[in-house]
Amino acid sequence: MKSSLRQRFIGFFMIILVTSMLYACEPQEAANSLPTNVATPVQTTAPTTDKRSIGFLDRQLGTNPAELPPLPYGYDALEKAIDAETMKLHHDKHHAAYVNNLNNALKKHPELQNSSVEALLRDLNSVPEDIRNTVRNNGGGHLNHTIFWQIMSPDGGGEPTGDIAQEINQTFGNFEEFKKQFNKAGGDRFGSGWVWLVRNPQGQLQIVSTPNQDSPITEGSYPIMGNDVWEHAYYLRYQNRRPEYLNNWWNVVNWTEINKRAQASRQSNS
């Protein structure tokens, strides 16, 4: 009898916890905090049609500016690192909220309908002030998650291959040292945010951490790969054990896609 009551209590507690997490993780108006360990920003152009597309969302913003991209695999495909329920909530609820909030904000300014998400984020100071934080938070959330789904795969994991492997070794010494530094940056991010491998404006690989849904492109860097360290990305399985999540995540990293992004980042710097 006591065991049954305890199980019911635990189930009730988990429902409250998940509901609270969904509310708490809804995109809010974040303060203008800057990414840590990011190179000096470069000057950018106004957010009109961007001819310097850097390969995130090539489609320009039209009548319905942003769309939720489908997952390239099933909800349960990344079980080596992320459980199916987390993937469903993360994609269908959190990412969808960023898309809806971005679209609603841009309705107030039809003149921005020909601007790409990248262009808006690259020069936030040119975005009208009344929607600037909304675009920063929700445009960033949309862009970051679109990248995130692509750089994971059920067939991922292992050590990097191709040109990115050579470049990681040249920059960080070896893959294990790179992974150690990447995990540390993700673990040290206080609160919610992301950890990234970027190509900075000087053309160098760099590990950076950004708060909230800030995108590295706002600071002139090209995000090659990134891991989401918001609690909604891992809490159902890992609770407060973020380091365990960070370690397991390498089992689903899609090095093929990351090599493509690395190549595109070199072209954007040339």
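Look up a bit, the structure's there.
Computed from a prediction, not measured in an experiment: that's the story for all the values here.

## Overview of the environment of Thr-171
- Here Thr-171 is to be found in helix α5 (residues 162–172).
- Under the relative-accessibility criterion, Thr-171 is labelled partly exposed at 39%.
- Separated by 33 residues in sequence, Thr-171 and Gln-204 place their C-alpha atoms 8.2 Å apart.

## Examining the environment of Leu-106
- One can find Leu-106 in helix α2 (residues 84–106).
- For Leu-106 and Pro-65, which are 41 residues apart along the polypeptide, the C-alpha to C-alpha distance reads 8.0 Å.

## Let's talk about the packing of aromatic side chains
- By the definition in use, this model includes 15 aromatic pairs.
- Seen from their ring centres, Phe-178 and Trp-250 are 5.9 Å apart, and the 75 degrees between their planes marks the pair as edge-to-face. Here Phe-178 is found in helix α6 (residues 175–188), whereas its partner Trp-250 is found in the loop between α8 (242–249) and α9 (255–269), with 72 residues between them in sequence. Like Phe-178, the residue Trp-250 is buried in the burial classification.

## Describing the pattern of salt bridges
- A full pass over the atoms with the stated rule returns 8 salt bridges.
- The residue Glu-79 makes a salt bridge to Arg-237 at a minimum N-O spacing of 2.8 Å. With a gap of 158 residues between them, Glu-79 in the loop between α1 (2–24) and α2 and Arg-237 in helix α7 (residues 235–238) connect regions that are remote in the sequence.
- When its relative accessible area of 37% is taken as the criterion, Glu-79 is described as partly exposed.
- Between Glu-176 and Lys-179 there is a salt bridge whose closest N-O contact spans 3.7 Å. With a gap of 3 residues between them, Glu-176 and Lys-179 both fall in helix α6, about one helical turn apart.
- A network of salt bridges, in which partner residues are shared, links Glu-167, Arg-199 and Arg-266.

## Focus: the packing of α2 against helix α4 (residues 129–150)
- At a minimum axis distance of 8 Å, the contact between α2 and α4 shows a crossing angle of 140 degrees. Considering only the axes of α2 and α4, their crossing is left-handed. Touching Met-87, His-90, His-91, His-95, Ala-97, Tyr-98, Val-99, Asn-101, Leu-102, Ala-105 and Leu-106 of α2 are Ile-131, Thr-134, Val-135, Asn-137, Asn-138, Gly-139, Gly-141, His-142, His-145, Thr-146, Phe-148 and Trp-149, all from α4.
- Taken together, the residues that form the contact of α2 with α4 break down as 11 nonpolar, 12 polar and no charged.

## Digging into the sheet that holds strand β1 (residues 193–199)
- Taken in spatial order, the 3 strands of this open sheet run β2-β1-β3, and their pairing is antiparallel. The strands lining the two open edges of the sheet, one partner per strand, are β2 (205–211) and β3 (222–228). Strand-to-strand twist across the sheet, computed as the mean angle between neighbouring axes with direction ignored, equals 25 degrees.
- Direction of pairing for β1 relative to β3: antiparallel, over a ladder of 6 bridges. Note that in β3 the partner of Trp-196 across the bridge is Gly-226.

## Side note on α5
- Within the sequence span of α5, burial applies to Ile-164, Ala-165, Glu-167, Ile-168 and Phe-172.
- Those residues of α5 hidden inside the fold are in contact with α6, β1, β2 and α9.
- Directly after α5, the chain includes Gly-173, whose backbone phi takes a positive value near 100 degrees.

Parameters and conventions
- Position labels on residues start from 1 in each chain and follow its written sequence.
- Residues qualify for local features only when their pLDDT is at least 70, as the model is predicted, and side-chain atom pairs are given and counted only at 80 or more; totals for whole chains, interfaces and linings, by contrast, use all residues.
- In computing side-chain values, all of the structure's heavy atoms are included and hydrogens and water are not.
- Under the DSSP-based scheme used, a helix requires at least four consecutive residues in state H or I and a strand at least two consecutive residues in state E, with every element numbered from the N terminus.
- Each residue gets one of three labels from its accessible area relative to the maximum for its type: buried under 20%, exposed over 50%, partly exposed in between, using a 1.4 Å probe on protein chains only.
- What counts as a ring pair is set by centres within 6.5 Å for rings of Phe, Tyr and Trp (its six-membered ring), and what kind of pair is set by the plane angle: stacked under 30 degrees, edge-to-face over 60, tilted for all other angles.
- Whenever Lys or Arg places a side-chain nitrogen within 4 Å of a carboxyl oxygen from Asp or Glu, that contact is recorded as a salt bridge.
- Lines fitted to C-alpha atoms define the axes, with helix axes restricted to the stretch in contact, and inter-axis angles between N-to-C directions lie between 0 and 180 degrees.
- By convention, the crossing between two helices is left-handed when the near helix turns anticlockwise from the far helix through less than a right angle, and right-handed when the turn is clockwise.
- Whether two residues are in contact is decided by their heavy atoms, any of which lying within 4.5 Å being enough.
- Each residue is assigned to one class: nonpolar for Ala, Val, Leu, Ile, Met, Phe, Trp, Tyr, Cys and Pro, charged for Asp, Glu, Lys and Arg, and polar for all the others, Gly among them.
- Any two strands are treated as partners once DSSP identifies two or more bridges connecting them.

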